[in-house]
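Working through the structure, step by step
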Amino acid sequence: MHSSFDPRLLADFARYYGFHYGVCDPAALVKDLVIEMERGLRGDPSTLPMLPSYLYPVSSVPPGKAVIALDAGGTNLRAALVRFDEKGKAIAEHTQKTHMPGTKGQLTAQQFFDEIAAVTAPLLQENPNVEGIGFCFSYPMEMTRDADGILLGFSKEVDAPEVIGKAIGAGLREALARKGVKAPERIVLLNDTVATLLSGLAEIPADGGQRKGPDIYGVEGGPVIGFILGTGMNVAYPEIRIPKIGFDAPKSPQIVVCETGSFHPRYLGRLDEEFDATLKNPGKYTFEKTMAGAYLGPLTLYMLKKAVQDGVLVFRKSGELLAMQNLQTKDLNAFMHNPLAGEGVIGSLFDKDERDALATLVFLTSIITERAALFAAAAVAAAVEKTGAGYDPFVPVRVAVEGTTYMIYKGMRPALESYLHTILSAKAPRSVIVSPVEQASLFGAAVAALSK
C-alpha cells in the first residue's frame, strides 16, 4: 500500500479543488484589493473597513526626544522610557513587564486603568518632561480625531467588561490623576499594525543604507507600510484621501488600517469554503484564513485529509491522519523544517519505506504555503500601489514587517518577497525595502507619541 510521488497529479489535485497558487492572477488580485480599499475609504459597502487612525507618520524621528511607550496585547503589559538617539534610532530604557490587566480575574473599569497607571506613573515621575505617551493597544478600537481609542471589545483572555465603550487614553489620564501624577499633553492610542508602520520609520533607513531624513537634494524618505503576518494578518499605509471623513491632504497623509484579513478573494476553492464552514466565524476574515498562523495548520490538515480520501495520499497510518482533530501551525512548521526526521505528530506517521508518501504530503503543504505567500504579497502590493511610490530609485517604499508566520514559517518569507518583487516590477522597476522590525509595538508606540 504505497503511493508513488507524482507532482503533476498533485498539482492537478490542487487545481481541481482550487487551492493551487497557479489559478490566481496576481495583477487581477491586486486590482481587486485596490478597488475594495477605495470602496472602504469612501464608506461604500466593502469587505475592507479602511479605518482612519488620525495619526500622521513623521518623515523622520527627531533625535534627542524621550517618550513613554506602552504595549498592551495578549498576556502582557509593557512600559518603557524610549529615547531617540542622534540618528533617530529608538532605545528602550527602564522596561517593565507585568500581566495584562483583567487576565487574572474580572476588574472594574477603574481597577483596569489603575493597573495600567501603576506601571506608567513611576516612569512619568522620573521623567516629567517626556513629549507624550504612545499606547499600542491591540484590541478592536474605534479611533477618534484626538488620537484616542474607544474600546469595541476584548478578546476572551481579558475580563473587564466595564471598559468596553470607554476611551482608553482618557481612562489612563484619569487614573494617573488619581495617583497625583500629571499626564503629558499627548496620549496617543494605536493598534499593532500602525505601531509596526511607525516602528519602520525609526528602524528602517530611508534609503536602505544609513541615511535618515532628507538627502542632499532635500528629498525626504519614501512612505512606510506596516504589515503583520503572525497569528493574524493586517496592513496599514499612509493615505492622502479618505472621503468618508472628509480627509484630503496630499502633503500630509494619514495612516489607514485596512483590516486586510477580511478581504474576500475570488481565487478560493471548494476546500477553502468547506474548511471555513467548520470554524467558529464562517464567512469572516476570509483572506486571513488562507495565510495566518491561526489557520495554516488546520487548513493544511483539512486539505491533506481530502488527499487521503481521494486516494492521492496513501500510507499505512493514513487513518491516524484522518482521525486528527487539529494540527497546530507550529507543529506543522516544525515538521516542514525537518520532514525526514520521522518525528512529531506528522513525521511519526510515516514508515521508512514510505518516502514517496512523505514527499506527497510535503509537496501539497508547500503548494498551500506558496499560495499563502502570494496572497500576502498581493496585500502588501495593493498598499504600495495606493501610495503611488517606489519608482524613484533613491526613495524606496519601506515595508516594516512583524509576525512569526513571516519570520519562521517554512518557505513563507522567501516566497512572499519574491512574489512581491515580481508583482510590483511587472511594468516598471520599483524600489522596495522589506524589513522585519524588532519590538515593533513598543517602538511604534514611541514614534506615535511624536506624530502630529
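Remember, predicted model here, so these are calculated numbers, not experimental data.

Okay, the sheet that holds strand β4 (residues 90–99) next. If you trace the five strands from one edge of the open sheet to the other, you get β4-β3-β2-β5-β8, paired in mixed fashion. Looking at which strands have only one partner, the edges of the open sheet turn out to be β4 and β8 (187–190). Averaged over all adjacent pairs, the angle separating strand axes in this sheet is 20°, with direction ignored. The sheet contact formed by strand β5 (residues 133–137) and β8 spans four bridges and is parallel. Bridging from a neighbouring strand, I133 pairs with I187 of β8. Along the sheet, helix α14 (residues 440–450) contacts β2 (66–73), β3 (76–84), β4, β5 and β8; its crossing angle with β2, the most-contacted strand, is approximately 130°.

For the rest of this paragraph, the subject is the sheet that holds strand β9 (residues 224–229). Sheet strands line up and pair through hydrogen bonds in the backbone, either parallel or antiparallel. Across the sheet, which stays open at both edges, the six strands sit in the order β1-β13-β10-β9-β14-β15 with mixed pairing between neighbours. Of all strands in the sheet, those with a lone pairing partner are β1 (51–52) and β15 (432–436), marking the two edges. Where strand β10 (residues 233–239) lies against strand β13 (residues 254–257), four bridges are found, and the strand directions are antiparallel. Among the inter-strand pairings, E239 is bridged to a residue of β13, identified as Q254. Against the sheet, helix α5 (residues 192–203) engages β9, β10, β13 and β14 (397–402), with an angle of about 130° to β9. Helix α13 (residues 412–424) rests against β9 and β15 of the sheet, and its axis sits at about 160° to β15.

Before going further, it helps to examine the nonpolar core. One finds F19, F227, L229, Y237, L313 and L321 to be the most contacted residues of the largest nonpolar core, which totals 85 residues. Counting residues per element, this core draws most heavily on helix α11 (residues 355–387), which supplies 20 residues. Non-local contacts of L229, meaning those with residues more than four positions away in its chain, are made with M291, A292, A376, E402, G403, T404, T405, Y406, M412 and L416. Among the nonpolar cores identified, the runner-up in size contains 39 residues, and Y54, A117, V158 and A183 belong to it.

Our focus in this paragraph is the pairing of β4. In terms of strand pairing, β3 meets β4 through eight bridges, oriented antiparallel. Along β4, the bridge assignment pairs N76 with H99. Between β3 and β4, which pair antiparallel and follow one another directly, the connecting turn spans five residues, one of which, G88, has a positive phi of 80°.

Now for the packing of aromatic side chains. Tallied over the entire structure, the rule returns 15 aromatic pairs. Judged by centre distance (6.0 Å) and plane angle (80°), the rings of F13 and F19 are edge-to-face. As far as the burial class goes, F13 and F19 line up, both buried. When the centroid spacing of 4.3 Å and the interplanar angle of 25° are considered together, the rings of F315 and F350 count as stacked. Linking F315 in the loop between α7 (296–309) and α8 (318–323) with F350 in the loop between α10 (344–347) and α11, this pair joins segments that are 35 residues apart in sequence. Exposure class is identical for F315 and F350. Each is buried. Three or more aromatic residues joined by ring pairs form one cluster here, namely F112, F113, F135, F137, Y139 and F154.

The rules behind these values
Residues numbered from 1 in each chain as written. Predicted model: local features only at pLDDT ≥ 70, side-chain atom pairs only at ≥ 80, totals over all residues. Heavy atoms only, no water. Pairing = 2+ DSSP bridges. Helix = DSSP H or I, 4+ residues; strand = E, 2+ residues; numbered from the N terminus. Axes fitted to C-alpha atoms, helices over the stretch in contact; angles between N-to-C directions. Contact = heavy atoms within 4.5 Å. Core = buried A, V, L, I, M, F, W, Y, C linked by side-chain atoms within 4.5 Å. Buried < 20%, exposed > 50% of the residue type's maximum accessible area, 1.4 Å probe, protein only. Phe/Tyr/Trp six-rings, centres within 6.5 Å; stacked < 30°, edge-to-face > 60°.

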